[in-house]
Amino acid sequence: MGKIIKVRAQDAEVGAYEKAYLPEITKGIGITLRHVVKNLFGGDEKYTRTVSYPEEKVEYPVRFRGAHRLTPREDGAPRCVACFMCSTACPARCINIVAEESDDPNIEKRPKVFEIDELKCIFCGMCVEACPEDAIRMDTGEHVKPFTNRADAVYGKVDLLSMLGRTEKNGEQPVYRGAHEHRARQAPQHSPEGTLPVQDEQPEDAH
Amino acid sequence: MDNVMCSQADKFLGMVPYDWTMIVIVPVAKILFIIAVIIGLYTPLATLVERKLSAAMQDRIGPNRAYIIKVGGKPLTIFGLFHTMADALKMFTKEWTTPKSADKFLFYLAPVIGLVPALLTFAVIPFGPPIQVCDRVVPLQIASINVGVLFIFAVGSMGVYSAALAGWASNNKMALLGALRASAQSISYEITFGLTLVGLMMVFHTVRLDSMVAQQVDLLHWGVFLQPLALVLFFTAAMAENKRIPFDLPEGESEIVGYFVEYSSMGFGLFMTTEFIEMSAIAFLTTALFFGGYTVPTWVATDHSFAMWNVASELWPAAFFAIQMAAFFFKVTVLWLFQFVVRWALPRFRYDQLMRLGWRIMLPLSLANIAVTAIAILAADGDAAKGTEYVMMTGLVMIGLFVLSLFYSRKPRQSGDSGHGHDHGHDEQQATVAAAHH
Ligand code: SF4
Ligand code: SF4
């Protein structure tokens, strides 16, 4: 026969009152009934915290970025210059861009097709980081809409452009900080003394 | 009723040799009424209550989306009422699969065997006061048979065949486990179920339910006051018979799924319907036995007691009748809802706890209840008023005894377990682990 190790089960502290079942059962039923009454007739004192989703919505926290959108220029065209930075940065490989030549002589290219497959996207935000033009942003504060068809999950140029960021939704004018804006801002600083800093020309191996 | 109509009816009935009214028409009408109330009202309502009320207990909203029509562009959901219909429709339209190795005949028979006894229970329960139609007195009880309560025991215990056969015919070991549990549980609690009512039979000197109800006209003569312990034991045993939480071990959804694991579609639906019908049966029976059935007690100021509200002469008889019917169904509904509350308030028993509760606590207590009641009745020596007092007093004593017995039954064997290593399995307080021999 094996060695017997006795293990005494640790009971919760029960006194005569608990052991008599009935009072405790009554108490339990009382608690249940209190929940029923409050939940059914309690008005604001309900225990229920359920939100009936499509009718009622919980506001997302402000730091929730949400789905992507393409930001527009003043004329409504996408700011995107089809540089493929975002699609290169994308770890999920879910951005599909087809470039075409732009009409604007100041802009080289523009996207003919710009698609994000929201089923593949992991919402990491790399594309936003990568974009030099501030053309893609995750500031809608909305999640991707439910879909019943895989094709619906691929957001095209029109879908992405139609979404608004939080700033627009709040009625404010958005400020874009793309390469264009940087160039424009730096332009008046090109005075004679405004030459590039000397440090930049130092040899790299100077330690 | 209109006299002209009565005489016309008599004339017509006079042409047939037997009194077909009493033999066929009236019983069929009563059966239809009961079936309509049970299957048409309480059972669908049970599915709704099971969803909505339990939702309220668990701080949820519950189903509220199903609708058939839109009113003013908004779907008309009526608190999820249509989910009941959707549930029924789903049950009927789903595929009924039968396991290849099942015993087909018994497999199909088992749910029906469960349903029939559950419905038969209602045959002997009076659901309203006797009414006078023309010159006939029609008792509102389908069959006023001599054996009364005994009939309910006889029929009710048939229910266990349903679970046993379902488990066996499925040819599935989980189902068989469930069936074994169901059989053991039902048989264990059947005894208490029957014995608790012996006290009631002795107090009322009858086993007929209609006469029991008629004797409970005085509020203090309600079964709940004469036999409080019996009520607790009876209700517990009845719920255990019905295999609902906290006694749902035969179903054990989280572990073995139970004796109906192989049933799909309406086969499973029938088991569920049976469960709900049995809930109403328990409510009906408890109302009739312990809560005065259809009687409405009123305070009689002159002799400072409760008495049957006998205002038939003062009030329009139909209104009096309606009030009594309403009283009956009010009591039934409260007890019926109580079972749902118990279900969601209490955790499950473990199987050994279940068996211990049944055999070590409830059975001895029901026997003690009989003994004490008998002594009280003997002591009163035929004096009815005194007898009531004695019996009521003993009822209170019994409740105290009940509480005490629960207290002492917790640790059945404390001494003697050292040195008897092979005995340890009996006591769940001591978990023993056999490790390597040294
Ligand atoms: S968020 Fe991440 S995964 Fe999604 S498109 Fe941008 S880079 Fe790709
Ligand atoms: S990185 Fe920005 S500009 Fe470049 S392709 Fe993507 S969205 Fe367009």
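Note on numbering: residues in each chain are counted from 1, in written sequence order. Working convention: letters from A go to chains and numbers from 1 go to ligands, in the order in which they are written. Reporting in this predicted model follows two pLDDT cut-offs: at least 70 for local features of residues, and 80 or more for side-chain atom pairs to be given and counted; totals over whole chains, interfaces and linings ignore these cut-offs and use all residues. The side-chain figures draw on all heavy atoms in the structure; neither hydrogens nor water molecules are used.

### Remarks on the overall build of chain B
Convention followed: Secondary structure elements follow DSSP: runs of H or I no shorter than four residues count as helices, runs of E no shorter than two count as strands, and numbering proceeds from the N terminus. Residue exposure (1.4 Å probe, protein chains only): buried if accessible area is under 20% of the type maximum, exposed if over 50%, otherwise partly exposed. Residue exposure ignores everything except the shown protein chains as possible cover, and the areas themselves are Shrake-Rupley values with a 1.4 Å probe.
Within chain B one finds 14 helices and seven strands. Split into buried and exposed, the 438 residues of chain B put 48% on the buried side. A total accessible area of about 21,000 Å² is found for chain B, and carbon and sulfur atoms account for 70% of it.

### Some thoughts on the overall build of chain A
Heads up, the condition is: Here, residues are in contact when the closest pair of their heavy atoms is within 4.5 Å.
If you tally the helices and strands in chain A, you get seven helices and six strands. Within the span of chain A, comprising 207 residues, buried residues form 29% of the whole. Here the contacts in chain A between residues at least 6 apart in sequence split such that 66% fall between residues at least 24 apart. As displayed, chain A offers around 14,600 Å² of accessible surface, 54% of which is attributable to carbon and sulfur atoms.

### Focus: the site of ligand 2
The test is simple: One heavy atom within 4 Å of a molecule or strand is enough for the residue carrying it to be called near that molecule or strand. Nonpolar residues are Ala, Val, Leu, Ile, Met, Phe, Trp, Tyr, Cys and Pro. Charged residues are Asp, Glu, Lys and Arg, and all others, Gly as well, are polar.
Taken together, 13 residues form the shell around ligand 2, and within it Cys80, Cys83, Phe84, Cys86 and Cys131 of chain A come nearest. When grouped by side-chain class, the residues that make up the shell around ligand 2 number 13 nonpolar, no polar and no charged.

### Thoughts on the site of ligand 1
Inspection of the region around ligand 1 gives 13 residues, with Cys90, Cys121, Cys124, Gly125 and Cys127 of chain A positioned closest. For the shell around ligand 1, a count of residues per class yields 11 nonpolar, two polar and no charged.

### Digging into unusual backbone geometry
Residue and element names in this part refer to chain A. The residue alanine 82 is not glycine, and still its phi comes out positive at about 55°. Tracing the backbone shows alanine 82 in the loop between strand S2 (69–70) and helix H3 (85–89). Phi at phenylalanine 84 is positive, roughly 70°, even though this residue is not glycine.

### Some words on the pairing of strand S4 (residues 109–117) of chain A
Residue and element names in this part refer to chain A. In plain terms, the rule: Here the rule is simple: two strands pair whenever DSSP picks up at least two bridges between them.
Sheet topology note: the strand S3 (residues 95–101)/S4 ladder contains seven bridges and is antiparallel. Following the sheet pairing, asparagine 96 is matched in S4 by glutamate 115. Note: S4 against strand S6 (residues 154–155), two bridges, orientation antiparallel. Opposite isoleucine 116, over in S6, you have tyrosine 155 as the bridge partner.

### A closer look at a nonpolar patch on the surface
What counts here: Patches draw on residues past 30% relative accessible area with no salt bridge. Two like charges within 9 Å are joined, as are two nonpolar side chains (Val, Leu, Ile, Met, Phe, Trp, Tyr) within 5 Å. For this document, the term salt bridge refers to a Lys or Arg side-chain nitrogen within 4 Å of an Asp or Glu carboxyl oxygen.
Judged by side-chain polarity, Ile68, Ile69, Val71, Leu76, Ile78, Phe79, Leu81 and Met85 of chain B come together as a nonpolar surface patch covering roughly 770 Å² of accessible area. Relative to the assigned elements, phenylalanine 79 of chain B resides in the loop between strand S2 (74–75) and helix H3 (82–93).

### Thoughts on the packing of aromatic side chains
Heads up, the rule is: We call Phe, Tyr and Trp rings a pair once their centres come within 6.5 Å, taking the six-membered ring for Trp, and we label the pair stacked below 30 degrees between planes, edge-to-face above 60, and tilted otherwise.
Per the counting criterion, the structure on display carries 25 aromatic pairs over all chains. When the ring of tyrosine 60 of chain A is compared with that of phenylalanine 64 of chain A, the centres are 4.6 Å apart and the planes differ by 40°; the resulting orientation is tilted. Residue class for phenylalanine 64 of chain A comes out partly exposed when judged on its relative accessible area of 30%. Considering the side-chain rings of tyrosine 259 of chain B and phenylalanine 271 of chain B, the 5.5 Å spacing of their centres and the 75° angle between planes classify their relative orientation as edge-to-face.

### Side note on the pattern of salt bridges
Side chains that differ in sign of charge can pair as their charged atoms come close. Enumeration according to the criterion identifies 17 salt bridges over all chains in this entry. Arginine 137 of chain A is the partner of aspartate 139 of chain A in a salt bridge, and the nearest nitrogen-oxygen pair spans 3.3 Å. Across the pair glutamate 275 of chain B and arginine 244 of chain B runs a salt bridge, and its minimum N-O distance is 2.7 Å. On the criterion of sequence distance, the pair formed by glutamate 275 of chain B in helix H11 (residues 265–290) and arginine 244 of chain B in the loop between helix H10 (228–241) and H11 is long-range, its members being 31 residues apart. No difference in accessibility class separates glutamate 275 of chain B from arginine 244 of chain B, as the two residues are buried.

### Some remarks on helix H2 (residues 22–41) of chain A
All names here are of chain A. Rules: A helix is expected to span 1.5 Å for every residue after the first. Throughout, the arc means the angular range of directions from the helix axis out to the C-beta atoms.
Between its terminal C-alpha atoms H2 stretches 28 Å, which fits the 28 Å expected from 20 residues at 1.5 Å a residue. Taken as a whole, H2 has its buried residues at Gly28, Ile29, Thr32, His35, Val36 and Asn39. Around the axis of H2, the buried residues are gathered within 115° of arc, so they sit on the same side. Of the exposed residues in H2, those oriented more than 90 degrees away from the buried face are Thr26 and Phe41.

### With respect to the confidence of the model for chain B
Residue and element names in this part refer to chain B. Under the convention used in this document: Every residue gets a pLDDT, meaning the predictor's confidence in that residue, from 0 to 100.
With 80% of its residues at a pLDDT of at least 70, chain B reaches an overall mean of 79. Mean pLDDT per element in chain B: strand S7 (residues 430–435) is the minimum at 40, and H11 is the maximum at 90. Taken as a whole, residues 412–438 scores under 50 in pLDDT and shows 38 contacts with residues more than four places along the chain or in a different chain. Scored as a whole, the predicted complex attains pTM 0.74, and scored at its interfaces, ipTM 0.73.

### Looking at the packing of helix H7 (residues 173–204) of chain B against helix H13 (residues 351–380) of chain B
All names here are of chain B. Selection criterion: In this description, a line fitted to the C-alpha atoms serves as the axis of each element, helices being fitted only across the stretch in contact, and the angle between N-to-C directions of two axes falls anywhere from 0 to 180 degrees. Throughout, the term roughly parallel applies to angles under 35 degrees, roughly antiparallel to angles over 145, roughly perpendicular to angles from 65 to 115, and oblique to all others. Should the near helix be turned anticlockwise from the far one by less than a right angle, the crossing is termed left-handed; should it be turned clockwise, right-handed.
At a closest axis distance of 9 Å, the pairing of H7 and H13 adopts a crossing angle of 15°. Accordingly, the angle class assigned to the pair H7 and H13 is roughly parallel. The element H7 and its partner H13 pack so that their crossing is left-handed. Residues belonging to the contact of H7 with H13 are distributed by class as follows: 18 nonpolar, nine polar and one charged.

### Notes on the sheet that holds S6 of chain A
Read from one edge of the open sheet, three strands run S3-S4-S6 (chain A), paired in antiparallel fashion. Edge strands, defined here as strands with exactly one partner in the open sheet, are S3 and S6 of chain A.

### Here we look at the domain arrangement of chain B
Residues and elements named next belong to chain B. As a reminder, the rule being used: Residue ranges for the domains trace back to a domain assignment, done automatically or taken from a database. Pairs of N or O atoms within 3.5 Å make up the polar contacts considered here, provided that, within protein, one atom can donate a hydrogen while the other can accept it, and that residues adjacent in sequence are counted only when both atoms are side-chain atoms.
On domain assignment, one finds that chain B holds domain 1 (25–93) and domain 2 (100–366). Each of domain 1 and domain 2 has a C-alpha centre, and these two points are 22 Å apart. The interface of domain 1 with domain 2 comprises 22 residues on the first partner and 29 residues on the second. The tally of links between domain 1 and domain 2 comes to two salt bridges. Counting every contact that joins domain 1 to domain 2 gives six residue pairs in polar contact (both at pLDDT 80 or more). Among the elements of the structure, helix H2 (20–57) and H3 are those that each provide at least two residues to the side of domain 1 that touches domain 2. Take the side of domain 1 that touches domain 2: its biggest share by element is 19 residues, from H2. Taken together, the residues that form the side of domain 1 that touches domain 2 break down as 16 nonpolar, four polar and two charged.

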